[in-house]
Amino acid sequence: MELSTQQQMLVEQKLTNEKKSSTTAYLLWFFLSGFAAHRFYLGRVGTAIVQLILLWGGLLLAYFIIGIPMLLAFVIWWIVDAFRIGPIIEQDAAAKRARIANEVALTTRAD
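To keep things clear, this report deals only with the structure shown in the data block. (Residues numbered from 1 in each chain as written. Predicted model: local features only at pLDDT ≥ 70, side-chain atom pairs only at ≥ 80, totals over all residues. Heavy atoms only, no water.)

1. What to know about the nonpolar core
Let me state the cut-off plainly: To form a nonpolar core, buried Ala, Val, Leu, Ile, Met, Phe, Trp, Tyr and Cys residues must be joined to one another through side-chain atoms within 4.5 Å. Exposed residues in this analysis have more than 50% of their type's maximum accessible area, buried residues have under 20%, and partly exposed residues fall in between, with area computed by a 1.4 Å probe over protein chains only. Strands are runs of DSSP state E lasting at least two residues, helices are runs of H or I lasting at least four, and both sets are numbered from the N terminus onward. Any two residues whose heavy atoms approach within 4.5 Å are treated as being in contact.
Within the largest apolar cluster, seven residues are counted, these being Leu3, Val11, Leu15, Ala93, Ile100, Ala101 and Val104. Looking at this core, the element that brings in the most residues is helix H5 (residues 67-107), giving four residues. Not counting residues within four places of it along the chain, the set of residues in contact with Leu15 comprises Ala93, Lys96, Arg97 and Ile100. In terms of nonpolar packing, the next biggest core, distinct from the first, is built from six residues, Ala25, Trp29, Leu42 and Ile89 among them.

2. Focus: the packing of helix H2 (residues 22-31) against H5
The line we're drawing: Note on definitions: angles span 0 to 180 degrees between N-to-C directions of axes, and those axes are lines fitted to C-alpha atoms, for helices only across the stretch in contact. Small angles under 35 degrees read as roughly parallel and large ones over 145 as roughly antiparallel, with 65 to 115 read as roughly perpendicular and the rest as oblique. Crossing handedness: left-handed means the near helix sits turned counterclockwise from the far one by under a right angle, and right-handed means the same turn made clockwise.
The contact between H2 and H5 brings their axes to 10 Å, and the two run at 165°. For the element pair H2 / H5, the angle class is roughly antiparallel. Here the hand of the crossing between H2 and H5 comes out right-handed. When H2 is examined against H5, the residues Ser22, Ala25, Tyr26, Trp29 and Phe30 are found in contact with a partner set consisting of Trp78, Asp81, Ala82, Ile85, Gly86 and Ile89.

3. Topic: helix H1 (residues 5-18)
Here is the rule: Working rule for helices: expected span equals 1.5 Å times residues minus one. This arc is taken over the directions from the axis of the helix to the C-beta atoms.
An ideal rise of 1.5 Å per residue puts 20 Å on 14 residues; H1 measures up with 20 Å between its terminal C-alpha atoms. Of the residues making up H1, those classed as buried are Gln7, Val11 and Leu15. The buried residues of H1 all sit within an arc of 75° when viewed along its axis, so they share a single face. With respect to the buried face of H1, the exposed residues turned more than 90 degrees away are Thr5, Gln6, Met9, Thr16 and Asn17. On its buried side, H1 packs onto H5.

From the geometry alone we can't say anything about function, so treat these as descriptive.
Here it is in structure tokens:
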């Protein structure tokens, strides 16, 4: 399916409106990681819940030693997320671009 230049511009305009902001994601990561806000923002609800369990469960269980590995896992994951936010946003944008292109191709005619 080949889109016209006008259709491609429409796709990119709609994508700009729907794409997640990397600045917002990184701010959430840095300031609200204790609530996994960046993961919720990026639509990764399952992993956000796991992060919440690791952090808060680890804090509650740190006295009993078992919480220390949980906290260590959270910290490692937090650092890894600093490098994963960009690719997650690009992956989401690519999926949205394909969906929008299909919608545009179905609803408009090529000139």
